[in-house]
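Next come the chains, spelled out residue by residue.
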Amino acid sequence: MPTPTPGIHHVTAIGSDPGRNLEFYTRTLGLRLVKRSVNQDDVSVYHLFYGDHGGTPGTSMTFFPYPDARSGRVGTGQVSTVAFLVPEDSVDYWTDRLADAGVDADEPRERFGDTVLPFRDPDGLPLELVARADAPRGRPPDGPVPDEHAVRGFFGVTLSLTTATPTADLLQTMGYDEADAKRDRQRYVADGDLGYVVDILEDPQAPRGQPGAGTVHHVAFQVTETEQPEWRDVLIERGLRPTSVIDRKWFKSVYARTRGGVLFEFATKSPGYTVDEDLADLGERLVLPEWLESRRNEIESGLPELPVESG
Ligand code: ZN
């Protein structure tokens, strides 16, 4: 078996207004725009990548913001919540910060011993901040949030499923161990220090999710480039139908639709977001993989204006 995954590499979701998306994730949540590109499968749409200072695997939340996207419905067969890790004593700071920004947020609550602050992004995507003493310091972005309270990266994701078993089995094969369970929530934990939690909410009666703005498109897990083909074989042995290895420029990807309906990706840690931009300049200009560079003028003229977000 290939080496267990340490956790999530990135999460990709669907948004609507790209400017509003950029504003929320950089100004309100304080993440850095680490890559400004296009959806490689639909170049009329941006692909915006947010993360820590360098877009370290485990910190990178990415969006396809379709300006006219219809709202989706969060439901089964999807990642139904994305959780970010913040330092343990940051709950009051974030409660006030989200309230001041007019964010749709709930009261903090307790879950498996952690304080959890649930809220929604401007498209209604369910998010959480999970406050923990062991949040790694990392390299926070030079943004509006002080380092002591900055988002460290992902805590994990929640999957909403009608039947947990096939997905839970796959997660265990990937190196996630069952750690906790309470009522309808089962927790699986990997060995990394970011993005190491997958919760499964099982509800046979819950409505099925529908793709659209405010829903997650897929969750990607970290693998090494040498072991990526082995992971692909594991998926085939389990009866899934993974894609071939796709070069995404900043990482290589294999995708597979899991039996529970959630789209999983197995993404390489290298080469990373600094392969085509200096660390200091990440996200400042539209970057395209070489195979799209010849179409730059056409692509740029088809995209909506976005403010330049530096630092
Ligand atoms: Zn992806």
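The structure reproduced in this document is the subject of the present report. Please read these numbers as outputs of a predicted model, since none were measured by experiment. (Residues numbered from 1 in each chain as written. Predicted model: local features only at pLDDT ≥ 70, side-chain atom pairs only at ≥ 80, totals over all residues. Heavy atoms only, no water.)

### Some thoughts on the coordination of the zinc ion
Argument step 1. Coordination sphere of the zinc ion, protein contribution only: H10 (NE2), H218 (NE2) and E265 (OE), at 1.9 to 2.0 Å.
Argument step 2. Site description for the zinc ion: donor spacing in sequence, H-x207-H-x46-E. Taken as a pair, H10 in strand β1 (residues 8-15) and H218 in strand β13 (residues 215-223) lie far apart in primary sequence, 208 residues in all.
Argument step 3. According to the relative accessible area criterion, H218 is buried, its value standing at 4%. (Donors = N, O, S within 2.8 Å, 3.2 Å for Na, K, Ca; no water. Helix = DSSP H or I, 4+ residues; strand = E, 2+ residues; numbered from the N terminus. Buried < 20%, exposed > 50% of the residue type's maximum accessible area, 1.4 Å probe, protein only.)

### Looking at the packing of aromatic side chains
Argument step 1. All told, the structure shown has 14 aromatic pairs when counted by the stated rule.
Argument step 2. Centroid distance Y176 to F221: 5.8 Å. Interplanar angle 80 degrees. Geometry classified as edge-to-face. One end of the pair, Y176, is in the loop between α3 (165-174) and β10 (177-182); the other, F221, is in strand β13, and 45 residues separate them in sequence.
Argument step 3. By relative accessible area, F221 is classed as buried at 1%. (Phe/Tyr/Trp six-rings, centres within 6.5 Å; stacked < 30°, edge-to-face > 60°.)

### Points about helix α1 (residues 18-28)
Argument step 1. Looking only at α1, the buried set comprises P18, N21, L22, F24, Y25, T26 and T28.
Argument step 2. Buried-residue contacts for α1 involve β2 (32-39), β3 (42-51), β4 (60-65), α2 (91-100), β7 (114-120) and β8 (126-132).
Argument step 3. Where α1 starts, the residue carrying a side-chain oxygen 3.0 Å from the main-chain nitrogen of G19 turns out to be D17. (Contact = heavy atoms within 4.5 Å. Polar contact = N/O pair within 3.5 Å; in protein donor to acceptor, adjacent residues only side chain to side chain.)

### A word on the pattern of salt bridges
Argument step 1. Summed over all chains, the structure comprises 19 salt bridges.
Argument step 2. Between R120 and D104 there is a salt bridge; the shortest N-O distance is 2.9 Å. Of this pair, R120 sits in strand β7 while D104 sits in the loop between α2 and β6 (109-111), and the two are 16 residues apart along the sequence.
Argument step 3. Overall, the relative accessible area of 45% leaves D104 in the partly exposed class.
Argument step 4. Residues R132 and D134 are paired through a salt bridge, measuring 2.9 Å at the closest nitrogen-oxygen approach.
Argument step 5. With relative accessibility at 22%, the residue R132 sits in the partly exposed group.
Argument step 6. Taken together, the shared-partner salt bridges in this structure form one network comprising D104, D106, R109 and R120. (Salt bridge = Lys/Arg side-chain N within 4 Å of Asp/Glu carboxyl O.)

### Quick look at the sheet that holds strand β16 (residues 263-268)
Argument step 1. Read across the open sheet, the eight strands follow the order β2-β3-β4-β1-β13-β16-β15-β14; overall the sheet is mixed. Where the open sheet ends on each side, the last strands, each with one partner, are β2 and β14 (246-247).
Argument step 2. Two elements, β14 and strand β15 (residues 252-257), share two bridges in a ladder whose sense is antiparallel. Bridging across to β15, D247 finds its partner in K252.
Argument step 3. This element, α3, spans β13 and β16 of the sheet and lies at about 10 degrees to β16. (Pairing = 2+ DSSP bridges. Axes fitted to C-alpha atoms, helices over the stretch in contact; angles between N-to-C directions.)

### Quick look at the layout of surface pockets
Argument step 1. What the largest pocket holds in volume is close to 260 Å³.
Argument step 2. Residue lining of the largest pocket: 18 residues in total, with N39, D41, F64, R248 and Y255 positioned closest to the centre.
Argument step 3. Elements supplying a minimum of two residues to the lining of the largest pocket: β1, β2, β3 and β13.
Argument step 4. A total of three residues in the lining of the largest pocket trace back to one element, the largest contributor, which is β1. (1 Å grid on protein atoms, 1.4 Å probe; cavity = no way out; pocket = protein on both sides within 12 Å on 5 of 7 lines; lining within 4 Å. Points joined across faces, edges and corners; volume = space filled by probe spheres on them.)

### Brief notes about the side chain of H10
Argument step 1. Note on H10: relative accessible area 2%, which makes it buried.
Argument step 2. Of note is the side chain of H10, whose polar atom sits 2.8 Å from the side chain of H9.
Argument step 3. In this structure the side chain of H10 is engaged in a polar contact, spanning 3.5 Å, whose partner is the side chain of H218.
Argument step 4. Those residues within four positions of H10 in sequence are excluded, and the remaining contacts are S60, T62, F154, H218, V219, A220, F251, E265 and A267.

### Describing unusual backbone geometry
Argument step 1. The omega torsion across S270 and P271 is 5 degrees, close enough to zero to call that bond cis.
Argument step 2. Position of P271 among the secondary structure elements: in the loop between β16 and α5 (290-293).
Argument step 3. Positive phi values are uncommon outside glycine, yet F112 reaches one of about 50 degrees.
Argument step 4. Relative to the helices and strands, F112 is located in the loop between β6 and β7.

### Details of the pairing of β3
Argument step 1. For β3, a buried count of eight out of ten residues is recorded, marking the element as mostly surrounded by other parts of the structure.
Argument step 2. Here β2 pairs with β3 via seven bridges, running antiparallel. Across the sheet, N39 pairs through a bridge with D42, a residue of β3.
Argument step 3. Joining the antiparallel neighbours β2 and β3 is a turn of two residues.
Argument step 4. Pairing analysis gives three bridges linking β3 to β4, with the strands arranged antiparallel. Paired with Y50 across the two strands is M61, which belongs to β4.

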